[in-house]
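Here is how the chains run, residue by residue.
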Amino acid sequence: MIPQSKSKIFLSEERGHLELDWFRSYHTFNFGQYRHEHKTPVGPLYLLNDDTLAGKKSVSITTEEDSDILLLPVVGTVTWQTSKGHTGEAEAGQCVQLSLPATATITISNPYEDELVNFLQWWFRSNATVHTAPQLFTFEIQLHKNTLIELPAHIGHTSAPKHFIGCFDGRAEIEYRLSDSSNTLFVFVIQGAFEVQYRLLHPKDGLALWELEKAELEALSNEAIILLSEIPVKK
C-alpha cells in the first residue's frame, strides 16, 4: 500500500496574478488584492511571490509583521535595499536571507537596461530575538546535481525553517527525512517536473506536506530544479 500523508497542493495556474507594463507577479498565497479561501498561508510561510521585473525598474514591499525573507534570483541579477539601511546584490545561483521587523520596506531593482529579471520571494513570520544583518549565500547546483543543497538558516531564532535547493537529472530519486515529524514540508518546483510523495508537480507548483517522517522525490525531466522548506510548527 502506498503510504499517504496529509497534503495541500498549490497549482501554478491557480496563482494570483498582477501584471503591469514593467512588472509581473504571481502569488501562491493570498497577497494584495488577490484573495482565495484555499490560498491561506502554510504555518509561518505567508508569502511566496514569483516576480519578473523590467530593466531599470524597482518594486517595494512593506512587512506587515516581523518577517524572515528568502530572496532567490532565478534569471539575472537583482539589487536590493531595505529601509533599515542594508543594501546588496544577488544573481542566479545565489540567495539572500533577510530578517526585517514589522513596517520595514524592501526594494528590489533590476540593474539592467533592457533585460528582464525573475526572482522568488519567500516570507515567513518571524520569532527572531534580534534582526540580524542580511546573509548572501552562493550555491552550485550544477556541480552537486541529484542532491539537495542546504541554504543558510536565519540567525537569532528559537526555531527557523530549513531551506534546500537541488537540480536533478530525469528519473533521479532522493529521500528527504524531516528533522521532526511534527514539522511541515513545503516544496516548490522552479523548473521541470517532479513526483513528490506520489504527487505530480509541474513548474511553479507548490505542495505542503505534514504528519510525515520522510518524503520521496523523483525528477521527471532533466535539469529539474526544486526548492524545499522544512517549517517548524509552534508547540
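What counts, and at which threshold
Residues numbered from 1 in each chain as written. Predicted model: local features only at pLDDT ≥ 70, side-chain atom pairs only at ≥ 80, totals over all residues. Heavy atoms only, no water. Helix = DSSP H or I, 4+ residues; strand = E, 2+ residues; numbered from the N terminus. Rg over C-alpha atoms; globule rule 2.2 N^0.38 Å. Buried < 20%, exposed > 50% of the residue type's maximum accessible area, 1.4 Å probe, protein only. Contact = heavy atoms within 4.5 Å. Areas by Shrake-Rupley, 256 points an atom, 1.4 Å probe, with all protein chains shown as cover. Polar contact = N/O pair within 3.5 Å; in protein donor to acceptor, adjacent residues only side chain to side chain. Core = buried A, V, L, I, M, F, W, Y, C linked by side-chain atoms within 4.5 Å. Pairing = 2+ DSSP bridges. Phe/Tyr/Trp six-rings, centres within 6.5 Å; stacked < 30°, edge-to-face > 60°. Salt bridge = Lys/Arg side-chain N within 4 Å of Asp/Glu carboxyl O.

Q: Which parts of the structure should I look at to understand the overall build of the chain?
A: Scanning the chain for helices and strands turns up zero helices and 21 strands. In terms of C-alpha radius of gyration, the chain reaches 17 Å, essentially the compact-globule figure of 18 Å for 235 residues. With the C-alpha coordinates aligned to their principal axes, the bounding extent of the chain is approximately 55 × 40 × 35 Å. Across the 235 residues that make up the chain, the buried fraction comes to 50%. A separation threshold of at least 6 residues defines the contact pool for the chain, and within that pool the share at least 24 residues apart is 71%. A total of about 11,100 Å² of accessible surface is found on the chain, and carbon and sulfur atoms cover 49% of it.

Q: Could you clarify how one ought to interpret the side chain of histidine 27 in this entry?
A: Position of histidine 27 among the secondary structure elements: in strand E3 (residues 23-27). In terms of polar contacts, histidine 27 uses its side chain to reach the side chain of serine 25, at 3.3 Å.

Q: Would you mind showing me how to read the environment of glycine 85 here?
A: As for its position among the elements, glycine 85 is in the loop between strand E7 (77-82) and strand E8 (87-91). Placed 21 residues apart in sequence, glycine 85 and isoleucine 106 show a C-alpha to C-alpha distance of 10.0 Å.

Q: Sorry, what's going on with unusual backbone geometry here?
A: For residues other than glycine, phi is negative in most cases, and the peptide bonds are mostly trans. The phi torsion at lysine 56 lies on the positive side, around 65°, for a residue other than glycine. Assignment of secondary structure puts lysine 56 in the loop between strand E4 (45-53) and strand E5 (58-62). For threonine 103, which is not glycine, the phi torsion reads 75° and is therefore positive. Among the secondary structure elements, threonine 103 is positioned in the loop between strand E9 (94-100) and strand E10 (105-109). Residue class for threonine 103 comes out exposed when judged on its relative accessible area of 63%.

Q: Would you explain the nonpolar core in this entry?
A: Most often, soluble globular proteins have nonpolar side chains that are buried together. Counting 24 residues, the largest nonpolar core has Leu72, Trp122, Phe139, Ile165, Phe186, Ile190 and Leu227 as the members making the most contacts within it. Judged by nonpolar contacts, the second largest core, of 21 residues, contains Phe164, Phe168, Ala172 and Val196.

Q: Explanation requested: the pairing of E7 in the structure shown.
A: As a general feature of sheets, a regular strand has side chains that alternate between the two faces. Judged from the five bridges that link them, E7 and E8 form a sheet pairing that is antiparallel. Opposite threonine 77, over in E8, you have glutamate 91 as the bridge partner. Remark: four residues form the turn of the hairpin made by E7 and E8, two consecutive strands paired antiparallel; glycine 85 in that turn has positive phi of roughly 95°. In this structure, E7 lies alongside E10, joined through four bridges in antiparallel fashion. By the bridge assignment, threonine 82 is partnered in E10 with isoleucine 106.

Q: Which parts of the structure should I look at to understand the side chain of aspartate 51?
A: Secondary-structure assignment places aspartate 51 in strand E4. A polar side-chain atom of aspartate 51 sits 2.5 Å from a polar atom in the side chain of serine 25. Among all residues touching aspartate 51, those that are not within four sequence positions of it are Phe23, Arg24, Ser25, Tyr26, Val117, Asn118, Phe119 and Gln121.

Q: I would appreciate a short explanation of the packing of aromatic side chains in the present structure.
A: The description of an aromatic ring pair uses the distance of the two centres, along with the angle that the planes make with each other. One pass over the structure, following the stated rule, counts 10 aromatic pairs. Taking the centre distance of 5.8 Å and the plane angle of 85° together, the rings of tryptophan 122 and phenylalanine 186 count as edge-to-face. Of this pair, tryptophan 122 sits in strand E11 (residues 117-125) while phenylalanine 186 is found in strand E16 (residues 184-191), placing the two residues 64 residues apart along the sequence. Accessibility assignment for this pair places tryptophan 122 and phenylalanine 186 in one class, buried. These aromatic residues form a ring-pair network of at least three members: Phe10, Phe29, Trp122, Phe124, Phe186 and Phe188.

Q: How do you make sense of the pattern of salt bridges when you look at a structure like this?
A: Where charged atoms from two side chains of opposite charge come close, those side chains can pair. If you walk through the whole model with that rule in mind, you get 10 salt bridges. A salt bridge links glutamate 65 to arginine 125; the nearest nitrogen and oxygen atoms lie 3.1 Å apart. Of this pair, glutamate 65 sits in the loop between E5 and strand E6 (67-75) while arginine 125 sits in strand E11, and the two are 60 residues apart along the sequence. Its relative accessible area of 34% is what places arginine 125 among the partly exposed residues. One network of salt bridges, with partners in common, ties together Arg15, Asp50 and Lys204.

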